[in-house]
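A look at the structure
Spelled out, the chains give:
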Amino acid sequence: MRLFVFAVGGTGSRVLKSLIMLLAAGVRPKDKDGNSLKEVEIVPIVVDPHKANDDLKRTEDLLKWYRDIRQSVYGNDHAERGFFSVKISTLKEIMKNTSTSLADTFLFNLGDVETKKFRDFIHFNSLTDENHALCSSLFSEDNLETKMNIGFVGSPNIGSVALNQFKDSAEFKGFADIFKEENRVFIISSIFGGTGAAGFPIIVKNIRDAKDSSAVVGNKGTIRNAKIGALTVLPYFDIETDTDSPISITDFIVKTQSALYYYDKSLTGDNSLNACYYLGDELKSDPYKNDPGNNGQKNKAHIIETIGALSIVDFMSISDDKLATEEGKATTPLFREYGLANGAETINLMDLGKSTRRLINKEMVKFHLFRLFIKNEFENRIGQGFTQDAPEIKKGFLSASFYRTLSENFFVQYDIWLKEMADNRRHFVPFKLEENDIAKCINGIEAKKSFLKGAIDYMDIFGGMTTKSKKKDAYSDSQVPFKLFDLFEQVVDEIIDEKYNSLT
Amino acid sequence: MKQAILLFTGVALTVLFLIFCSPIYESLYYSSEFSNEMYNSNMYFVIAVLTVLITWVVAGIYYYVINSVRFSRWYHWLIMLAAVTFCAPTVTYVYPNAEFTSQSYDYAVELMNFAVVNLAVTIVMFIIASFSIRWWSSQCRHTPIPQ
């Protein structure tokens, strides 16, 4: 299955970041029988004019690192299980690099929007008197003066105009050309800001109206009947009060109500979506810095974004027959919300609902143990045990780009992601971040002790990997990174089943 | 295949050692009266069997009972070698010494020299045993040097 994910605005980028972390951990969509879907590919398209947005930059870096790591481990093949197993590609890649107008990037090029003031974008000064008067009534002077390279500063009325050029972009045309009936679309956006609230309906509208679009050359029927899912994130964080800022917490609810009303009329209410996920949290975060965009906008990761990322996994897990679309309308639209099993202010993996625990707990724990293993043990063990089996893992492996990307880039961001979620409110603290003892590092659950061996330690993992590695010719010379991943997962799968069997 | 050949070679060398233990020991250390007594009382063979048993059993314990990555560095193997080089010559000194003492012979000095020689034999035999059986160890197959 190929899923096109449009991540719109800052929330879109942050949810996408959480999705990358979950995919890196090996979380995968499952079919109705609970088996992992085999051929899964995600094509993220980040739609945000605010290219200097730190949230966007962090997500873009993670996407690149994920792709590089995955390429080193699995090549271009699909993988059925494991860390980084879900394929992530750019639009240009899946077009086999045939498009000359597309850059090999995950970012949507918004052209003029990213360079102009809104006033210039709509040619305000050259409008007829009537249009001038109309625009003056629709847009404030602040709106008109907005430099859109910092986004739409919480003003969906700007975004709904500026993003209308979406359909004429090379990205949308490329997407329309390559889209196939078995593919799906997912849109991530927040409802209480500017870019997401405006971008979401525009993307849906352009897909559903493809039949009448001059931008879509072929494939019109397929595009129009695409299976579309969407995550609409309701207010979940607080911001500092700043009378000079165009963004105010008091507007969040009003904007949400207005947008929901609009969606009810023209999106959800008219069956444009096959599946819509609503997510929010009444418990607000500690106030974020009130930054309309000038200072980079770097918000801490939040559990809502991680749960939001799960909506994408859930959407991929829905069978085709439940997402039927006729004449651009979903026949049986689905609407979903989310609840925690325990709504405490500080939660861990055991506070998630059962289906979520089954979906992510084992994978998250495995990945965290892997992170600790790489950080605290692996380098000291080179030249011993499984590292000496063919293909050998030598000291030079530590300076290979794969290993450096994993340990110096990806895992650093992983640590930051965990720390930010722990610091944010509601606090999501799945792991004890300063704890290097793998028997004690998971919050809410400790490893069971055996009668003779006690709890687990790194050497249990390393020894297990060495035992599993005994099989001759299991890995080719080009599969050194895969060997590391595969052996670790085989061993830790068994350890978790034995030592943490209440985890799921 | 390589492993099977090495096992076969190790077993063959060990059997050859047991068969030709007397000339081997005498070529390494000869003192006419002591050596004659050792030969006549079949002590060379007993000592060879004890040496082989100790080295192969200790190697087996290391690779298949201890069998742990926690104890799989080359210096861990050296510890086992040190243990075996202490045990085997000690046994091969104590046992014939007791036998000779019961017969009122005093070969303490010769036995000490012979024990030193048998120390070298023990080292060689432990290496042979290690390189014969280590390949199938789940944790220590790369000890003392990688495959």
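Residues numbered from 1 in each chain as written. Chains lettered and ligands numbered in written order. Predicted model: local features only at pLDDT ≥ 70, side-chain atom pairs only at ≥ 80, totals over all residues.

A few words now on the confidence of the model for chain B. With 100% of its residues at a pLDDT of 70 or more, chain B shows a mean pLDDT of 93. Reported confidences for the modelled complex are a pTM of 0.89 and an ipTM of 0.83. (pLDDT = per-residue confidence, 0-100.)

We now examine the environment of Asp77(A). All names here are of chain A. Counting through the fold element by element, aspartate 77 comes out in the loop between helix 2 (54-74) and strand 3 (87-88). Judged by C-beta crowding, with 9 C-beta atoms within 10 Å, aspartate 77 ranks as exposed. Placed 78 residues apart in sequence, aspartate 77 and serine 155 show a C-alpha to C-alpha distance of 43 Å. (Helix = DSSP H or I, 4+ residues; strand = E, 2+ residues; numbered from the N terminus. Buried ≥ 20, exposed ≤ 12 C-beta atoms within 10 Å, placed from the backbone.)

Here we come to the interface of chain A and chain B. Facing the nine residues of chain A at the interface are 10 residues of chain B. Considered class by class, the residues forming the side of chain A that touches chain B number two nonpolar, six polar and one charged. (Contact = placed C-beta atoms within 7 Å. Nonpolar A, V, L, I, M, F, W, Y, C, P; charged D, E, K, R; others polar.)

With that out of the way, let us pick up the packing of helix 13 (residues 354-381) of chain A against helix 15 (residues 458-468) of chain A. All names here are of chain A. Between helix 13 and helix 15, the shortest axis-to-axis distance is 11 Å and the interhelical angle comes to 55°. Taken together, the axes of helix 13 and helix 15 lie oblique to each other. Every pair of crossing elements has a handedness; the one defined by helix 13 and helix 15 is right-handed. Side by side, helix 13 and helix 15 meet where Phe373, Asn376, Glu377 and Arg381 of the first sit next to Tyr458, Ile461 and Phe462 of the second. When its residues are assigned to classes, the contact of helix 13 with helix 15 shows four nonpolar, one polar and two charged. (Axes fitted to C-alpha atoms, helices over the stretch in contact; angles between N-to-C directions. Parallel < 35°, antiparallel > 145°, perpendicular 65-115°, else oblique. Left-handed = near helix turned anticlockwise from the far one by under 90°.)

Now for the environment of Glu326(A). Residues and elements named next belong to chain A. By secondary structure assignment, the location of glutamate 326 is in strand 7 (residues 325-326). A count of 10 C-beta atoms within 10 Å places glutamate 326 in the exposed class. Remark: the alpha-carbon pair of glutamate 326 and alanine 422, spanning 96 residues in sequence, is separated by 44 Å.

Time to look at the environment of Glu305(A). All names here are of chain A. Checked against the element boundaries, glutamate 305 lands in helix 12 (residues 303-317). Exposure remark for glutamate 305: the 32 C-beta atoms within 10 Å place this residue in the buried category. Taking the C-alpha atoms as reference, glutamate 305 lies 4.6 Å from valine 15; in sequence the two are 290 residues apart. Not counting residues within four places of it along the chain, the set of residues in contact with glutamate 305 comprises Arg14, Val15 and Ser18.

The next subject is the sheet that holds strand 3 of chain A. Residue and element names in this part refer to chain A. Across the sheet, which stays open at both edges, the seven strands sit in the order 3-2-1-4-5-6-9 with parallel pairing between neighbours. Both outer strands of the open sheet, strand 3 and strand 9 (334-336), are each paired with one neighbouring strand and no more. Alignment of strand 5 (residues 227-233) against strand 6 (residues 275-279), held across five bridges, turns out to be parallel. Counted as the bridge partner of valine 233 is leucine 279 from strand 6. Helix-sheet contacts for helix 1 (residues 9-24) involve strand 1 (2-8), strand 2 (41-47), strand 4 (184-190) and strand 5, and the interaxial angle to strand 4 is about 120°. The strands touched by helix 9 (residues 195-208) are strand 1, strand 2, strand 4 and strand 5; relative to strand 4, the strand with the most contacts, the crossing angle is about 160°. (Pairing = 2+ DSSP bridges.)

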